[in-house]
Amino acid sequence: TFAERACREFYSTNNRGRPGLPPGNYFRLLMIGFFEGIDSERGIAWRVADSLSLRLFLGFSLAESTPDHSTISKTRRLISLETHSHLFTWVLQVLAKEKILVGKNIGIDSTNLEANAAMRNIVRKDTGEDYQGFLTRLAKESGIETPTKEDLIRFDRKRKKKTSNKEWESSTDPDSRIARMKDGTTHLAHKVEHAVDMDSGAIVGVTVQPADKGDTSTIGETARAAFFGLLDASGSMGNTSLRNSICKVAIADKGYHSGAVLLDLEEFGIRSYISEPARGRRNWEKNPAEQMPTYANRSRIQSDPGKALMKRRGEVVERSFAHCYETGGMRRVFLRGHENIAKRLLTHLAGFNLSLVMRKIFGRGTPKGLGDLLFSIFMAIHSLTMVFIRVLSRTPAGGNEKSGITVSSISWRAMP
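These lines cover the structure that appears in this document, whether it is placed above or below. (Residues numbered from 1 in each chain as written. Predicted model: local features only at pLDDT ≥ 70, side-chain atom pairs only at ≥ 80, totals over all residues. Heavy atoms only, no water.)

Observations regarding the overall build of the protein
The cut-off we apply is this: In this description a helix means any DSSP run of H or I spanning at least four residues, a strand means any run of E spanning at least two, and both kinds are numbered starting from the N terminus. Every radius of gyration here is taken over C-alpha atoms, with the globule rule written as 2.2 Å times N^0.38, N being the number of residues. Partly exposed residues are those whose accessible area sits between 20% and 50% of the maximum for their type, while under 20% is buried and over 50% is exposed, using a 1.4 Å probe and protein chains only. What sets the accessible areas is the Shrake-Rupley method with a 1.4 Å probe; for residues, cover comes only from the shown protein chains. Asp and Glu are treated as the negative residues and Lys and Arg as the positive ones, with His and the ends of the chain left uncounted. Lysine's charge is taken at NZ, arginine's at CZ, aspartate's at CG and glutamate's at CD.
Scanning the protein from terminus to terminus reveals 14 helices and 8 strands. Taken over the C-alpha trace, the protein has a radius of gyration of 28 Å; the compact-globule value for 416 residues is 22 Å, which it surpasses by more than 25%. Of all 416 residues assigned to the protein, the portion counted as buried reaches 45%. Carbon and sulfur atoms make up 53% of the accessible area of the protein, which amounts to about 23000 Å² in all. The distance from the centre of the 62 positive side-chain charges to the centre of the 46 negative ones in the protein is 4 Å.

Below is the structure:
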């Protein structure tokens, strides 16, 4: 009902053309990507068409055809980014109503997602040349009149700085940036930043940024997204008791440490616990206003509560990355442009937040985990049944000649 009301303006009232995908089913389809660990919309469409349980979940009978990937993609393009943000905050209201969300201590960190673009398709920003053409021109200017492929490889190996985001961009996805991934390889990537509730593990804010932007320049936008998301969750639809304690503490690693960041957080009324890198003695003559926030942050991170918060940040925030992008299947995105990626990401992370409600009710956060729980219960019942049979037979497994009763001789059909 919420999805249909929020998406009413994006659907036509006439019956002409191809039938549209209902808003509720559209958002459920993208959440299936998280729960099933599927990275692309094409993969989601194939999985739904193949699964009877997912057909039942979406309300499709065996005689009906499930939506293909083009229908999902077109629906995503037509529904605005603001509507996807409303869905994300609506899920936060669900968490607040279930008394899961706390919102006082917020951990912030970022990771890179591999873009749907190849390094071989980068072009020069000034001339529009591709990498091969650029190398050929440089080789000719150096005296090689007709360079071969081997000549270009040797010439390129001798160059010091080969690629830079100031000089190169992707011809297929201009929003992507050249960046180093966690495994040490270099790819075109996008930067995603999470703001995580340290008490519940819920993601309360997310932003998609260029991969070449530093952490100190992106933390402000993510902190604002977390604040307004928690503010919506503390409304009448969520839990009004949250309003007095939202975003009181921000915890981050040393990549976010700078005097300007600490000053902004203090002016916003947020206590910072940000690791300080070894910079030596500092001169405060140019920025005297940043001195006291820096000293206060240094004192807090050296205290026992500060050390405990820093330790928990590494556990909770990194866990959100593992669930959403490793097992959740979005370490590589198959969409282009920050707006399209943000739409998919907001719904993907809304599914992650809903898994916290599932974990509270069932003890497991995904359908696969629930299946493992049911299997464990079955095996426990099976083990208890075997023990019960052995007690009745008063013999170990295999029986003996005196009693004449064996476990294998007892019929399973006779069991109650």
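Alright, that's what it looks like, and here's the rest.
Comments concerning the packing of helix α2 (residues 23-36) against helix α3 (residues 41-50)
Counted only if it meets this: With axes taken as lines fitted to C-alpha atoms, and helix axes fitted only over the stretch in contact, angles between N-to-C directions fall between 0 and 180 degrees. Angles below 35 degrees are treated as roughly parallel, those above 145 as roughly antiparallel, those between 65 and 115 as roughly perpendicular, and all remaining angles as oblique. We call two residues in contact whenever any of their non-hydrogen atoms come within 4.5 Å of each other. Residues are grouped as follows: Ala, Val, Leu, Ile, Met, Phe, Trp, Tyr, Cys and Pro are nonpolar; Asp, Glu, Lys and Arg are charged; every other residue, Gly included, is polar.
At a minimum axis distance of 10 Å, the contact between α2 and α3 shows a crossing angle of 90°. Comparing their axes, α3 and α2 come out roughly perpendicular. Residues L29, L30, I32, G33 and E36 of α2 touch α3, and the partners they reach there are E41, I44, R47 and V48. The class makeup of the residues in the contact of α2 with α3 is 5 nonpolar, 1 polar and 3 charged.

Concerning the pairing of strand β1 (residues 105-114)
Short version of the rule: Two strands are counted as paired when DSSP detects at least two bridges linking them.
With 9 of its 10 residues buried, β1 lies for the most part within the structure. Relative to strand β7 (residues 249-252), β1 runs parallel, the two sharing 3 bridges. Note that in β7 the partner of I106 across the bridge is A250. Across 9 bridges, β1 lies against strand β5 (residues 186-197) in antiparallel orientation. Bridging across to β5, N112 finds its partner in K191.

Some thoughts on the packing of α3 against helix α5 (residues 69-78)
Between two packed helices, both the angle of their axes relative to each other and the distance between the axes serve to describe the pair. To keep it simple, the criterion reads: Should the near helix be turned anticlockwise from the far one by less than a right angle, the crossing is left-handed, and should it be turned clockwise, the crossing is right-handed.
Their axes nearest at 8 Å, the elements α3 and α5 cross at an angle of 130°. On the basis of their axis angle, the class for α3 and α5 is oblique. Here the hand of the crossing between α3 and α5 comes out right-handed. Residue-level inspection shows E41, R42 and A45 of α3 in contact with α5, the latter providing H69, I72, S73 and R76.

Notes on the environment of N165
Topologically, N165 is positioned in the loop between α8 (149-158) and β3 (168-170). Given a relative accessible area of 17%, N165 falls into the buried group. As a C-alpha pair, N165 and V102 span 63 residues in sequence and 40 Å in three-dimensional space. Beyond its immediate sequence surroundings of up to four residues, N165 is in contact with K125, R177, I178 and D212.

Describing a nonpolar patch on the surface
Our working definition: Two joining distances apply to patches: 9 Å for like charges and 5 Å for nonpolar side chains (Val, Leu, Ile, Met, Phe, Trp, Tyr), and every residue must have over 30% relative accessible area and no salt bridge. Salt bridge criterion: a side-chain nitrogen from Lys or Arg within 4 Å of a carboxyl oxygen from Asp or Glu.
The grouping of L374, I377 and I381 at the surface amounts to a nonpolar patch, some 290 Å² of accessible area in total. Overall, the relative accessible area of 53% leaves L374 in the exposed class.

Focus: the nonpolar core
Among soluble globular proteins, nonpolar side chains are generally buried collectively. Heads up, the rule is: As used here, the term nonpolar core means buried Ala, Val, Leu, Ile, Met, Phe, Trp, Tyr and Cys residues forming a set that is joined through side-chain atoms within 4.5 Å.
Core analysis: the biggest nonpolar cluster contains 79 residues, and L95, L101, V204, Y325, L345 and L349 have the highest contact counts within it. A per-element tally of this core places helix α13 (residues 338-362) first, with 9 residues. Beyond its immediate stretch of four places on either side in the chain, V204 contacts F88, L92, L101, I106, A195, V196, D197, A225, A226, G229 and L230. If you look at the next biggest cluster of nonpolar residues, it comprises 12 residues, including I122, L152, F155 and I178.

Let's talk about empty space enclosed by the protein
Here is the rule: In this analysis a 1.4 Å probe is tested at points of a 1 Å grid over the protein atoms alone, and where it fits but cannot get out there is a cavity; an open set with protein on both sides within 12 Å along at least five of seven lines is a pocket; lining residues have an atom within 4 Å of a point. Grid points are joined across faces, edges and corners, and a volume is the space filled by probe spheres set on the points.
Enumeration according to the criterion identifies 1 cavity of 30 Å³ or more in this entry. For the largest cavity, the calculated volume is near 50 Å³. In this structure, the largest cavity is lined by I106, I108, A223, A226, C247, V249, A250, L265 and I270. A per-class count over the lining of the largest cavity returns 9 nonpolar, no polar and no charged.

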